[in-house]
Every structure is written in C-alpha cells, then in structure tokens.
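Residues per chain, in single letters:
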Amino acid sequence: MDFLSGFLTRFLAQLQSPTLGFLIGGMVIAAVNSQLQIPDAIYKFVVFMLLMKVGLSGGIAIRGSNLTEMLLPAVFALVTGIVIVFIGRYTLAKLPNVKTVDAIATAGLFGAVSGSTMAAALTLLEEQGMEYEAWAAALYPFMDIPALVSAIVLASIYVSKQKHSDMADESLSKHESLSKQPVAAGDYPSKPEYPTTRQEYLSQQRGSANQGVEIWPIIKESLQGSALSALLLGLALGLLTRPESVFQSFYEPLFRGLLSILMLVMGMEATARLGELRKVAQWYAVYAFIAPLLHGLIAFGLGMIAHVVTGFSLGGVVILAVIASSSSDISGPPTLRAGIPSANPSAYIGSSTAVGTPVAIALGIPLYIGLAQALMGG
Amino acid sequence: MDFLSGFLTRFLAQLQSPTLGFLIGGMVIAAVNSQLQIPDAIYKFVVFMLLMKVGLSGGIAIRGSNLTEMLLPAVFALVTGIVIVFIGRYTLAKLPNVKTVDAIATAGLFGAVSGSTMAAALTLLEEQGMEYEAWAAALYPFMDIPALVSAIVLASIYVSKQKHSDMADESLSKHESLSKQPVAAGDYPSKPEYPTTRQEYLSQQRGSANQGVEIWPIIKESLQGSALSALLLGLALGLLTRPESVFQSFYEPLFRGLLSILMLVMGMEATARLGELRKVAQWYAVYAFIAPLLHGLIAFGLGMIAHVVTGFSLGGVVILAVIASSSSDISGPPTLRAGIPSANPSAYIGSSTAVGTPVAIALGIPLYIGLAQALMGG
Amino acid sequence: MDFLSGFLTRFLAQLQSPTLGFLIGGMVIAAVNSQLQIPDAIYKFVVFMLLMKVGLSGGIAIRGSNLTEMLLPAVFALVTGIVIVFIGRYTLAKLPNVKTVDAIATAGLFGAVSGSTMAAALTLLEEQGMEYEAWAAALYPFMDIPALVSAIVLASIYVSKQKHSDMADESLSKHESLSKQPVAAGDYPSKPEYPTTRQEYLSQQRGSANQGVEIWPIIKESLQGSALSALLLGLALGLLTRPESVFQSFYEPLFRGLLSILMLVMGMEATARLGELRKVAQWYAVYAFIAPLLHGLIAFGLGMIAHVVTGFSLGGVVILAVIASSSSDISGPPTLRAGIPSANPSAYIGSSTAVGTPVAIALGIPLYIGLAQALMGG
Amino acid sequence: MTQKASKLVIVTEKLLLKKIAKIIDEAGATGYTVVDAGGKGSRNVRSSGQPSVGDTYSNVKFEVLTPNRDMAVKIADEVAAQFFDDYSGISYVCDVMEVLHAHSF
Amino acid sequence: MTQKASKLVIVTEKLLLKKIAKIIDEAGATGYTVVDAGGKGSRNVRSSGQPSVGDTYSNVKFEVLTPNRDMAVKIADEVAAQFFDDYSGISYVCDVMEVLHAHSF
Amino acid sequence: MTQKASKLVIVTEKLLLKKIAKIIDEAGATGYTVVDAGGKGSRNVRSSGQPSVGDTYSNVKFEVLTPNRDMAVKIADEVAAQFFDDYSGISYVCDVMEVLHAHSF
Ligand SMILES: Nc1ncnc2c1ncn2[C@@H]1O[C@H](COP(=O)(O)O)[C@@H](O)[C@H]1O
Ligand SMILES: Nc1ncnc2c1ncn2[C@@H]1O[C@H](COP(=O)(O)O)[C@@H](O)[C@H]1O
Ligand SMILES: Nc1ncnc2c1ncn2[C@@H]1O[C@H](COP(=O)(O)O)[C@@H](O)[C@H]1O
Ligand code: NA
Ligand code: NA
Ligand code: NA
C-alpha cells in the first residue's frame, strides 16, 4: 500500500516533468492540426546531439572503470532482446487478424532500443539524483542488435517455410505447366497485369529465398545506422580523446533543451501515426500498450539479479528496464523494412510510435524509477 | 525639448544595439548580393525557439499572477487590431492605384502581430531594465486574430458586393445568353484561352460567393498557424508543467543569440522584397512607413489608459504598442492568402516585410521605449 | 633534438584534442559506411556561426587597436596567396598526367583560405594559452582573394594562348572551310553528335575568349561568397555596434561545440572525396600532402619577419601560417568552377578535401604551434 | 500487359498542396506524385511570407497518371476554376504514356 | 543530330534509392536523374520511422533516358520483380523523347 | 481550347541555375519550372565544395514549355554551347504536350 501510494505520488509528480510535458504537448498540438513543424534537419541534428552526448559521457566515464562489471548486465541485455522477440512471436503472432511476419517485425522493433527514450530516462534519473554506472548507456547495442537479428531470422525462417508449402501445393495442382497465368502465392497479392517477364524474376527469387539467413549483414547494418553510429562514435571519442572541454561547454548544457524538442517531435509523431495503427488489427494497440511495461519488468528482474550478484546499481537496473521498454524509432524501422520486406510497416511503426513509445516514456520510466526508489527505501 | 533630446540620444544609442545592428547588417548584405543564406530549417527553428521561450516565460510567470489585470489590456489589444484594419480600409484603400482588396489585406497584415518584432522588444526592454507584466506576451493573439478576421470579413463583403453589381451589369447587357465567349468580370483578368468547362465552374463559384463569411474557420486557422501554436504551447507548458530547469538551461540563454540571427534574416528579407514593393503602387510604401508608428501610438495611448486605470506597467504599454506596430511575418501571410485569395500578396507582403517591419523594429521600438522612459522620468 | 622531441610530445598530445579527434572520427565513420549524416542546413549554419564568431570577436577587439600594425602581415598574406599559385603553376602543372588548368585551379584552392581550419587553429591557440592579435582573422581575405584572382588570371592566359595556337593549327590545315564536321580543339573532348548550330556558338565563344580577364568580378564574387560575407559581416558588426552581450551569451560559448561538429563533417567529407582524388593523377595526392606544410612554412617565415620588424605576435604568426596551409572549402570551389570552367573539379576539390585539409589540420596546426612554442621557449 | 495513360502535370503555389491533392483524390485518380519546385511565370507570386532569401522553393509540381485524357482534363479544369484566377499555376497533359508496373491502375 | 530515346520513370520509396540506382547502372543506362518526391498511391506505405510530421518527402522519382524501349522495360521489370511486391512503387515509360545534348548517349 | 507545346528538359549542375534561367528568359519562353535533382551521368562532376556527405542534391532539372520545338532547341543549343563543354548536363525535348491552363502561353 505504502509502496503503491508512494509510487502514485511520484508518478503524478512526473507528469509535471518537462520531458513528459513536451511529449504530451506534442501529442495535443498534432491532434488539433497545428501547422507547427520541427524541420527534419533539426530533428536529425537533435538526435545526433543527444546520442553523441550520451556516448561522450559514457566514454569519458568508462576510461577508469572496470569493464568486467559490464559483463552480466550485457548478457542480460542480450537475453532480453531475444526473449522479447520470442514473446511477440508466440503471443501477438497467434492473435486473430495478425499476420505472422508483421507480428515478428513488431516484436523486433519493441526489442530494439530507442536512444531518445533512453536519453529521457537519463535526464529523469539525474533529476532524481539516482546514480548509475557510466557504461550503462553502452548496454544499448547489446539489446538492440540481437533483437533485430532474431526478428529478421525468425521471419526468414517463417517465410521460407511458407514458400515450401506453397510450392508443394503448386506442383500438386500442376497449374504451372498448364498455364502461363501468374499464380498468387503466399502472402503476395496477385497482380496479373504485370508483364510475363516479371513472373520469371519472381520464381527465380523464390527459388533463392530458401537459403539460410546471413546474420553479419544485419549486424553491420544496425551498427551503421545513424543512431548507433553516433552513440558509438561518442563512446570512442570519449574513451580515446580528451573531449571534456567541448563536452562541458556544448553537449552537456544543451542536452535537456534538445531533449525537450525531441519529446515534442515524438509526441506529434505519435498522434500522426495513430491513423496508421488504426488500419491494422486492434491487437497491435493492445500489444503496444502492454509490451513495453512487461518487457521493462522482465529486464528489471534480470537487472535485480545483477544488482544482487555483481552490485549493478539500481540506477543501472532502471536503465536496463527502460531500454527494454523502449522501441526503436530511428534505426530499427529501416533495418526491419530491408530485412523483413514483406512485413507491413504500418503495423510495426504504428504500434511503436503511436502507442509503445509514449507508454514507455510516460508510464515505463516513472514505473521503473518508482520501483527502484521503493526498493532503495526498503 | 528635454524630452526630445533625451529621446534622440536614446534613439541613437539603440542604433548600436546588436538587435538593430543585425537587422541593418542583413539589409546591407542582401543589397550587395551576398551568397550568405540562413537555411530555411534554421529560420523555422529559430522562430520556434523564440516563441517557445516567450511562451514558457509567460506561462511560468502567469502561474501566480492575477489574470483579471489582463482584461483591460486584452480588450485594448482587440480593439487596436480591429481599428487598424478599418483605418487601412478608409485611408490606403481610397488612394489612387490601390485596389481595395489589396489594401484590406495589407491593413490586416499590419494589424496582425509579428512574434519576432515582439521578441526584439522584450530583449530591448530587458536591456533597459524596464519591467513588464509576465502575461504581456499573451496579448499577442488578442490583437492578431481580430485583425486577420476583420480583414477577411471586410474583404469578403467588398468582393461579394462587387459581384452583385457585376452580375447586375451582366444581365443588363444580356451578353451571357447570347454568346459562349467568357466575360471578364470584376478584378479577374480575362483568359479566353481557357476551355469552356472552366467558365461553368467560375459561375458556380461566383454564385456561392454571396453567402456570409464564416469566422470560426479563420480563427481556427490563425490558432493553428506555427507562430501562435508555438507561443500557446509554450504558455501551456509554462503554466501546467515545471519547465524551469529546461527553460533556464536552454531557452533563456539562447534567446538573444537566436534573435540576432532572426534579425539578420529579416533584414535580408526586407531588401529581397523591396522589388516586390516596387511593383505595386507607391502609396504602399508611404502607408508601410507611417502605419507602424501610428498604430503603435494608438496602442500606446490605449495602454496609458490601462496604466492609469488598472496600473498596467509602462513596460506592458510598450509591448502593447510594439505588437500594434508590428506586422505579421509568419502566420499572417498564408492566412490572408487563403482568406482573401484575390488580393495581391506582393502588395501586402512587400509593404510589411520591406518597410513595415524594419520601421517597427528600428523606429517603433526605440520610440515607444523612449516615450515610456520619458514618462517615467517625468 | 630537444626541439624535435618537444615538438613530438606536443604533437602526440594534439592528437587527443577533441578538434582532431572529431576530424579523425568523421573519417573513420565515413570509411565504415555509416548512415550518420549531418544535415546540410546544420552544416551551413555551423559554418555561419563560426565565421560570425571569429568576425565579431575580431571586430570587437579591433575597435581600440592600431591597425597600421596590420599592414605588414596583410602584405605578407597577399604575397603568400600569390606565391602559392605560382608554385603550383611551376611544379604541379609540370608533372606528368597533370593538366595545366587543373593544376592552376588546385594551386588557387590551396592558396585560398578555409574558415573552418582557421577556426580550429584559433581554438587550439586558446587551449594553449597563446596570444594573438585580435585582427589576425582579418588577414583571411588578404590571402584568399589574391590567390583566387591569380589562379583565374593565370588559367585564362594559359587557355587563351592554347586557343591561339590551336587556331593557327586549324587555319593551317584548312579543315574548317572544307568540312562541316566539328573539330575537337584543345582540351575539349570531341562531341560530333551535337547539332551544327552548337559549333557556331563555340567558335563565337572562342573568338571572344582572347580578351583580357576582368579582375573586379572575381574579387566581387569572392567577397559575396557565404564564408567571406559572414566573416566581414561579423567584423563590421563587431566594429560598429555593441554586440558584446549576444557574443558572450551565444556566439562565444557555442564556438567549440560547433567546431567539433564541423570537424566531423570535414572528416566524413575527406573520406567521401577520396574516390574523386583516385580518379585523377597520383601527383595530386603528393602535392596535397606536401603543399599545405610547405605553404604554412613559407608564411611562417614571412610572419617571423613581421614578428621581428613590427612585433607581430607569435600567435599571429601561427595564424598566418595556418591560413596559408589551409585550402578553401566553402567559397573557393564555386568561384574556381565559374572562373576556370575547363578545370576538372575532381582534381582540385579531391586534393583539397580528401588530403589537403586533413593534413593542414592534423599536421599543419600542431606543427606551427609547436614551432612557435619552441621559439618562445628559446 | 502495359496500359496507356495520360500524365497531367500541375505546377502551382505550395500553399495549395492539400487542396489540390483533395481534388485529385475526388476525381478518382489512383494516386499522384508531388515534388517541390521553383519557377518563374507571368505572375510569379510568392504566396507566403516565408523568407525568399532562404533555400526553399515555393511551388509544387503534381504529376498524375490518369487512365484517360478526360480525367486529366477534368482535374485540370477543376483546379484552374478554383485557383488559377487568384494563384500562380500552369497545367499541361502528356498523352503517350505507358504504365509498366503499378499496384493499382 | 538528335537522337530518339525512351524515358522511364520510377516512383518508389526512398529507402530503395541505392538499390535501384544499381539496377539502372547494371542495365547499361548511361545515367539517371533522381528527385525527392511525395505522393499517394494505393499502398501508401511510409517505409521509415522518420517523422512524418517533418517536412521531407519519403519517395524518390527516377528518370532514366534509354536508347530504346526495351532497356526501359527491362529496368522496370527488374525493379518491379525485386521490390514491388513489398514496397510502394509505380513505373511508366514515355516514348517520344529526343535527346538534344548529352555527354554520352 | 488547349495548345500544343514542346517541353524542354535540362538537367545540369546547380551552380548554373541563374545563368540558365537567364538564357531561358532571353529566349522568350513564358516561364520555367526547376527542381533539385541528383543523378549520375558520364561526367558526374560535383561542382561545389559542398559536403557530398550531406543530404542535398547538386543538380537542377529545368522544364520549359515552349510554344514550338524551335524555341526549345534554340535554348538547348545555347545552354550546351555555353556550358556543356565544361559542366555536366543533358537536355532533351518531349514534343506532344498540351497546355491546358496557363496565365500566359
Ligand atoms: N513556360 C513554362 N514552362 C514551364 N513552367 C512554367 C511555364 N510558365 C509557368 N510555369 C510554371 O508555372 C508557375 C506559375 O506560372 P504563372 O502562373 O504564369 O506565374 C511558374 O512559377 C512556373 O513554375
Ligand atoms: N496515378 C498515379 N499518378 C502519379 N503517381 C502515382 C500514381 N499512383 C501512384 N503514384 C506514385 O507511386 C507511389 C507508390 O504508389 P503505390 O505503390 O500505389 O502506393 C505513390 O506514392 C505515388 O508517388
Ligand atoms: N541517361 C540518362 N537518363 C537520365 N538522366 C541522365 C542520363 N544521363 C545523364 N543524366 C543526368 O544528367 C546529369 C549530367 O550528365 P553528365 O553530363 O553525363 O554527367 C546527370 O547527373 C544526370 O542527372
Ligand atoms: Na526495447
Ligand atoms: Na500589428
Ligand atoms: Na591557403
């Protein structure tokens, strides 16, 4: 009871935090059809600045620290990333009106990490005076990449299985040899108006789709994405050079303000994408609401094990929970689009942007901070 | 005499204020055909930042204050906005070579408010250590919206009256029933090369144009404009959340610098639009020079009434005068373009940007500050 | 020996300076094909901010100073700019597989000045606590413009001489009167598929190319370029207005951070242009490596003369050396493209961006600072 | 296999983007493509107060593939009737087009 | 003097920019031109998580001049086969084109 | 009602924007439309020192409607003569165009 009332008080206080205020402000402003726009160049630059700052401060702080401590949390991050995808594969994908590839892609996006959500959590942790390991932000790729890789691999296995059974059907009915009419196969819509040459390409492609999925290109693409690149570049510069002066005169003081602008964009975006979410099965909305909280709690639990075993800080546990709770907004979508091309982006981007991210920021972050504070108090 | 010499001294000092310096610098740099450009994304972001800052600081300060004080100044703002349009309607519109709709639109733009000019005034007031009510910036919409609405309504009434008399003429001459040749009507240039179907649309449209003007859509469009949206969002966030930290670490310290960049853009823009102003009747240049000063003085007078009656600060009076003196640069033009489509934008944008705004900033602001200081000293 | 070891120690320390770190980080990030992008609007704005800051601080500081001191360094800057072009004309242009116009254009670009490199040097000088004259940045145009003008004039003379001898050849062979077939002339590739009318234009053009080169348009174009415009605007505003408040609250504190972003862009750009450099003769790479260091040393030597004769500070000597060492990245390329249209931009932009600029920043700046410190110590 | 089509091009002020998109939709076209454009014409009206010293274009160019010339002309007429008295704009049609691949045409 | 050509137009998701450029190159076209485009079609898929509230278009429009209709169709077929099952896109060809001046054609 | 026209398309380096606009104006065309474009050709020269790692295109594409083919060819010849020896560029003409609505044509 005490825990709950303490949590609720803190939660209501959080609603007044500027971070959340700007998020909600953005949602409202888009809902009333305001013409206000944050130019794309500014959005991209803000994201770069935030991840650079997080990377630099991590890199600077890591210099002296003992990185073996990072081992267990990193393993837990990796496990969480993979587990999230399998949860989605065996819950969301089984629901009515939900296509399997769409569900796998959605789970992959929810397993991947949002740098913006993480930045919001770091700010709130600092406001609450809660300490965390300098390297905690470096857990990001350990969850992000495995989640994306798992989703793409699972989807490829599923698609190639589908095709096998389709082909079996086709040869059974022997349509192919009898007619030049193209045959609609699997999830692909039939498009008879295409010239026949197309069909040859398609069959070719189908033939080759049976081979295994290569994992390294997916990892490489994730690392090359603009979000992870900026974070890793920041980490490297923090570690290898002496950027303290520029960090303290530029990246650090601008952090909060730029975050407020990013929250505004994310709020506007959430409203704008609601329409896309509406076009897909309602189960996506349900998943997008529950999953971030559940994923965060799983990671929180694993983090607590590390807390007990290796002394991982409670602040660090919160960060682990938040990156699990978050869903990727920058690098994840294009990676999935290329890796699972047959999945409908409206399903996964809609779920993540319109519901998942606001839930992770507005409910998830305060929840995990509240939990940690209650545990500290206890 | 003392007043005048004091005023002149202050006025010359203002010419060295960086705000004005950047404005004039921009005019010069554009006049010498420099390739220097401030990218559009930066311009939009700067405007957002300034209005957000003005909104946030207003919202934060309003929290504890007694808003009934705002009543009288708000009414005066509204009255000024409408009066400005009527002045334009019965002076500028009566001048030779000035088309009535163009004049009404110009008066509407001069009645509406420029957030940038207001931001410049707030900076100068702070430099002079002159106090003003925290909510003074919230007077903006009370003048802006009524001015735009009045202009659009006046123009619609005028246009629909014109059409009535045109139609009367047309049926008198019975041309319509005798020939399929399109007839040039009203202000519209004749374009006989258009296919006949077009003419049917046109007649249809003319028929429906007689109905009354709906006011709510105009108000809505004003509120949705990017400038007012940013200001109101800032106000709301300032009122309802606790953005002090982000305000003090970001919006406040960047304000002056961003303003200097905006002034540069406005200066460059003034020179660039001069050509457009030259294309229209010279009376626009005369109006654009006199009107800002006159409008400001009217508002200054009304503000003084509030000063005496309800203790409205002299700083507040200056702000009221400046927003009257200013003409809208961001949201006004597209609103007028949509609301009074037959008006020539070169007339109103040229007048406002090339002459009105520089006059309001370079002469208006120092004038009203000088007046207020002289009154304080007295 | 002592000098050398001291220099090497300092040089290695510089490698950890954030300025250099960001440059190298950018090179690496582009080499691994990262998707990270700094939007063009941000890049342009950063350049503007840096040059404005350099200009403003110069302008503010010049106010009280004795500008006759500037005379000798300005003359040396001018001499260096011209000498660099002639060096290129009589070394690079004589090498095998190097086209003369390409070489002249490359030398012009290396003679011209990079504001970004200069900004990096100013930061490093401040980090080292080394003093320099406030007006030193104002030496920029004195080297930049003469270098560009010399290159364009030399190239025009060369091209028109070529044409004379071509024409002589042509009339000798009397091909023209015998056939309507177009004749490939000079460096121009033959394009027989062009309609005949084209050829008339070409001959016309060739006829008129023999006249002298007008110098004033080249100077004007240089001054109108966005880099010099921003610098000169800053200087003027610093001199004529009182921008201290906005300078200290905005331009000055953001300087280092923005520079770090610019270095990142320049690093990425260096890698991206490497491919272009590969397409041209290898001698360009050799020139681009040696020239910046040599040019800097020449200017350093001239600067030392001014140091001895008029007391020009050693910091000022370093700045003179750095602007000689730098090659123009913003205004130079378009000016040369317009002024020497027949030169291959891959040659000069590739040389400058991919090799020249990194060498000037990473080796040149530490070298001249090291030299100056050794001389001070001595 | 492929299908003949007309291509309607409309260049006009950016301000009208949404309104013209609506007309195209309502006329039953299967889609449209739009790009930012600059330009010069006889009117040359810049419809916004947006800085012209900036780096953005203030026109848009619509391209609409229609199954027949009539639909193209209908859209163009509607757009011209509603806007070309007051706004800058031009529209033209290009007849010989073959759609090779499309999701709906 | 001038030379007849076909013009192939492909409008599709920006994400595919590099991949389509590669197909065009490999088909032996002498070049291509590409512009950012917005648009609406039957699918209307936005393929990136990039803010749609921003100010950028998420399609690209390729224009490829080919010496004959066959090369244009070949490129279009290849692009459709590889991508149009999963991505938004349309392609069409315009036959009567005359190249006036080109460095290689 | 409508009027036949030629459409001249010129794709070239952005640097030449103003100069080409001037040529078009002087040739007596009633206007032109211009868009930012990227592309690849045989020369592929990037004419500015502007970061190629940025997000902007460095070509422009002009489209000029001319009342007849001659004016189009005249403009293209002039542009090619003045610039195509030294700058990247291509120009082509599309003959069958019908202008539906225009303020001056
Ligand atoms: N002859 C033309 N060729 C190509 N585009 C044109 C032409 N005339 C006008 N335009 C385009 O149509 C827009 C509006 O033209 P106008 O209404 O005549 O000002 C211009 O801004 C140009 O983009
Ligand atoms: N009828 C059309 N006319 C012009 N462009 C179209 C048309 N249909 C589709 N498009 C373009 O092709 C893209 C993809 O179409 P779709 O695959 O049908 O969503 C759209 O975003 C439009 O840019
Ligand atoms: N075959 C082509 N199809 C379409 N655009 C082309 C073609 N060839 C060249 N271009 C365009 O023309 C520009 C200049 O070509 P070039 O002078 O050959 O480098 C390129 O950057 C392309 O935008
Ligand atoms: Na996650
Ligand atoms: Na006003
Ligand atoms: Na130099």
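Residues numbered from 1 in each chain as written. Chains lettered and ligands numbered in written order. Predicted model: local features only at pLDDT ≥ 70, side-chain atom pairs only at ≥ 80, totals over all residues. Heavy atoms only, no water.

A. Up close: the overall build of chain A. Helix and strand counts for chain A come out as 16 helices and 0 strands. Taking the contacts inside chain A whose residues are at least 6 apart along the sequence as the reference set, 88% of them involve residues at least 24 apart. In the structure as shown, chain A presents an accessible area of about 14200 Å², 64% of it carried by carbon and sulfur atoms. (Helix = DSSP H or I, 4+ residues; strand = E, 2+ residues; numbered from the N terminus. Contact = heavy atoms within 4.5 Å. Areas by Shrake-Rupley, 256 points an atom, 1.4 Å probe, with all protein chains shown as cover.)

B. Quick look at the site of ligand 1. Taken together, 21 residues form the shell around ligand 1, and within it D:S42, D:N59, D:G89, F:L65 and F:H103 come nearest. More than one chain reaches ligand 1: its neighbouring residues belong to chains D and F. Between ligand 1 and D:N59, the relevant distance is 2.8 Å, taken from an oxygen atom to a side-chain nitrogen or oxygen of the residue. Within the backbone of F:L65, an N or O atom sits 2.9 Å from a nitrogen atom of ligand 1. Elements with a minimum of two residues in the shell around ligand 1: β2 (32–40) and β4 (89–102) of chain D together with β2 (32–40) and β3 (59–66) of chain F. Here the residues of the shell around ligand 1 are counted per class, giving 6 nonpolar, 12 polar and 3 charged. (Near = heavy atom within 4 Å. Polar contact = N/O pair within 3.5 Å; in protein donor to acceptor, adjacent residues only side chain to side chain. Nonpolar A, V, L, I, M, F, W, Y, C, P; charged D, E, K, R; others polar.)

C. Seen up close, the interface of chain E and chain D. On the chain D side, the residues contacting the 30 residues of chain E number 25 residues. Both faces combined, the contact of chain E with chain D buries some 2100 Å², and carbon together with sulfur accounts for 55% of it. In terms of surface lost to chain D, no three residues of chain E exceed E:K40, E:Y57 and E:Y92, which account for 30% of the buried area on that side. On the surface where chain E and chain D come into contact, there are 3 salt bridges. Across the salt bridge formed by D:D25 and E:K40, the nearest N and O atoms sit 2.8 Å from each other. Scanning the region where chain E abuts chain D turns up 13 residue pairs in polar contact (both at pLDDT 80 or more). Those elements that place two or more of their residues in the side of chain E that touches chain D are β1 (3–13), β2 (32–40), α2 (69–83) and β4 (89–102) of chain E. (Buried area = accessible area lost by both parts, 1.4 Å probe. Salt bridge = Lys/Arg side-chain N within 4 Å of Asp/Glu carboxyl O.)

D. Up close: unusual backbone geometry. Of note, the phi angle at B:N33 is positive, near 60°, even though the residue is not glycine. As for its placement among the helices and strands, B:N33 is situated in the loop between α2 (18–31) and α3 (40–62). Look at C:N97: it is not a glycine, yet its phi comes out positive at around 65°. By the secondary structure assignment, C:N97 is in the loop between α4 (71–90) and α5 (100–111).

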